[in-house]
Amino acid sequence: MSVLPLVFTSGWASGINAYAVILLFGIFGATGVLDEVPESLQRTDVLVVAGVLFLCEAVADKIPYVDSIWDAVHTVIRPVAGAVVAALLAGESGSLPEIAAGAIGGSTALMSHLVKSGTRMAINTSPEPFSNVAMSVAEDLGVAGIITFAVFNPVAAAIIAATLLVLGIVVVVFLASRIRRFLRRRAQRREEKRLAATVAGRPPG
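Everything quoted here is computed from the prediction, not taken from an experiment.

**Considerations on the overall build of the protein**
Along its length, the protein carries 8 helices and 0 strands. Once the C-alpha set of the protein is aligned to its principal axes, its extents read approximately 65 × 35 × 30 Å. Long-range pairs, those at least 24 residues apart, make up 72% of the contacts in the protein with a sequence separation of at least 6. A total of about 10300 Å² of accessible surface is found on the protein, and carbon and sulfur atoms cover 73% of it. Here the protein contributes 16 positively and 15 negatively charged side chains, and the mean placements of these two sets differ by 18 Å.

**Let's talk about unusual backbone geometry**
Phi at Tyr65 is positive, roughly 75°, even though this residue is not glycine. Classification of Tyr65 by relative accessible area gives partly exposed; the value is 37%.

**Section: the packing of helix 6 (residues 130-152) against helix 7 (residues 154-174)**
Close contact between helix 6 and helix 7 brings their axes to 6 Å; oriented N to C, the two are set at 145°. Of the residues in helix 7, those touching helix 6 at Ile146, Phe149, Ala150 and Phe152 are Pro154, Ala156, Ala157, Ile160 and Ala161. In terms of residue class, the contact of helix 6 with helix 7 is built from 9 nonpolar, no polar and no charged.

**Re a negative patch on the surface**
On the surface, Asp35, Glu36, Glu39 and Glu92 cluster together to form a negatively charged patch. Relative to the elements of secondary structure, Glu39 occurs in helix 2 (residues 39-42). Residue Glu39 is classed as exposed on the basis of its relative accessible area, which comes to 59%.

**Here's the deal with the pattern of salt bridges**
Counted according to the given criterion, the structure contains 10 salt bridges. Linking Asp67 and Arg120 is a salt bridge whose minimum nitrogen-to-oxygen distance equals 2.9 Å. With Asp67 in helix 4 (residues 66-93) and Arg120 in helix 5 (residues 98-123), the pair connects residues that are 53 residues apart, well separated along the chain. Put simply, Lys116 and Glu139 hold a salt bridge, and the shortest N to O gap is 3.4 Å. Here the residue Lys116 occupies a position in helix 5, and Glu139 occupies one in helix 6, the gap between them amounting to 23 residues. For Lys116, a relative accessible area of 2% corresponds to the buried category. Here the salt bridges share partners, and the residues they tie into one network are Glu57, Asp61, Asp67, Asp71, Arg78, Lys116, Arg120 and Glu139.

**Notes on helix 1 (residues 4-30)**
Here helix 1 is 27 residues long, yet its end C-alpha atoms lie only 22 Å apart, well below the 39 Å a rise of 1.5 Å per residue gives. Within helix 1, the axis deviates most sharply at Asn17, by approximately 125°. With 24 of 27 residues buried, helix 1 lies mostly within the body of the structure. Backbone geometry just after helix 1 places Gly32 at a positive phi near 80°.

**Observations concerning the packing of helix 1 against helix 7**
Between helix 1 and helix 7, whose axes approach to 8 Å, the crossing angle comes to 40°. Our classification of the angle between helix 1 and helix 7 gives oblique. Relative to helix 7, helix 1 is oriented so that their crossing is left-handed. Of helix 7, the residues touching helix 1 (which contributes Pro5, Leu6, Phe8, Thr9 and Trp12) are Pro154, Val155, Ala157, Ala158, Ala161, Ala162, Leu164 and Leu165. Here the residues of the contact of helix 1 with helix 7 sort into 12 nonpolar, 1 polar and no charged.

**Observations regarding the environment of Ala157**
Take Ala157: it is sitting in helix 7. Residue classification places Ala157 among the buried positions, given a relative accessible area of 0%. Separated by 12 residues in the primary sequence, Ala157 and Gly145 place their C-alpha atoms 9.4 Å from one another. Not counting residues up to four positions away in its chain, the partners in contact with Ala157 are Thr9, Ile146, Phe149 and Ala150.

What counts and how
- One numbering rule holds for all chains: residues counted from 1, following each sequence as written.
- Reporting in this predicted model follows two pLDDT cut-offs: at least 70 for local features of residues, and 80 or more for side-chain atom pairs to be given and counted; totals over whole chains, interfaces and linings ignore these cut-offs and use all residues.
- Side-chain measures were taken over the full set of non-hydrogen atoms in the model, leaving aside hydrogen atoms and water.
- Strands here are runs of E lasting at least two residues and helices are runs of H or I lasting at least four, both read from the DSSP assignment and numbered beginning at the N terminus.
- Contacts are assigned to residue pairs that have any heavy atoms within 4.5 Å of one another.
- Accessibility throughout is a Shrake-Rupley quantity obtained with a 1.4 Å probe, and a residue counts as covered only by protein chains that appear here.
- Only four residue types enter the charge count, namely Lys and Arg as positive and Asp and Glu as negative; His and the chain termini do not.
- The atoms used to mark charge sites are NZ of Lys, CZ of Arg, CG of Asp and CD of Glu.
- Buried, partly exposed and exposed residues are distinguished by accessible area as a fraction of the type maximum, computed with a 1.4 Å probe on protein chains only: under 20%, between the cut-offs, and over 50%, respectively.
- Structural elements are reduced to axes, namely lines fitted to C-alpha atoms, with helices fitted over the stretch in contact, and the angle between N-to-C directions of any two is expressed from 0 to 180 degrees.
- As a working rule, the residues Ala, Val, Leu, Ile, Met, Phe, Trp, Tyr, Cys and Pro are called nonpolar, Asp, Glu, Lys and Arg charged, and the rest polar, with Gly in that last group.
- Only residues whose relative accessible area exceeds 30% and that form no salt bridge are eligible for patches; like-charged ones are grouped when within 9 Å, while nonpolar side chains (Val, Leu, Ile, Met, Phe, Trp, Tyr) are grouped when within 5 Å.
- Any carboxyl oxygen of Asp or Glu that lies within 4 Å of a side-chain nitrogen of Lys or Arg is treated as forming a salt bridge with it.
- In a helix, the anticipated span is given by 1.5 Å times the number of residues less one.
- One axis is fitted to the seven residues ending at the residue and one to the seven starting there. The bend at that residue is the angle between these axes.
- Roughly parallel here means an angle under 35 degrees, roughly antiparallel means over 145, roughly perpendicular means 65 to 115, and every remaining angle is called oblique.
- By definition, any crossing whose near helix is turned counterclockwise from its far helix by less than a right angle is left-handed, and any crossing with a clockwise turn is right-handed.

Coordinates in, geometry out; function isn't part of it.
Below is the structure:
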């Protein structure tokens, strides 16, 4: 069977939580659950680093505004991780050119990352922190569930991932005005901080 559905699903999941994807694939490969996992993802050092970074993301992703900063930092990291994981899976399978797999995984990861970032910006307009925690837990469980499901039924998992991606894009478009207000307020706070620093006679921080 072509590895394409698995590549697409891993790309979508990488845009949400790339470290969880690497950790799960590494564990599935090391335990023999999935044969298509390359040795590089099963290495102990890779699993340890992915585990530590996953824990860091699990904390940062649940704190209002910190989650948006974390997302901004990962605008490059998640798509690159999605492309690398996809290329490695394709190389191990041999049923899909690695360059094509990398392009699919990377572009899908970028789209799901933008959906996640946009949704978090909208959530951060709410003063309470509980929605951040709930969304973060749902994302973590969703990534774990769909990657595990993809191991046993890659086509169905890819269909679910595609559906979630489309629904996410629709939601972000619907929340676009709320996100714009959030960005304007953040820019206004930075400007107020700069003016306050100028009045105080010190360079703005």
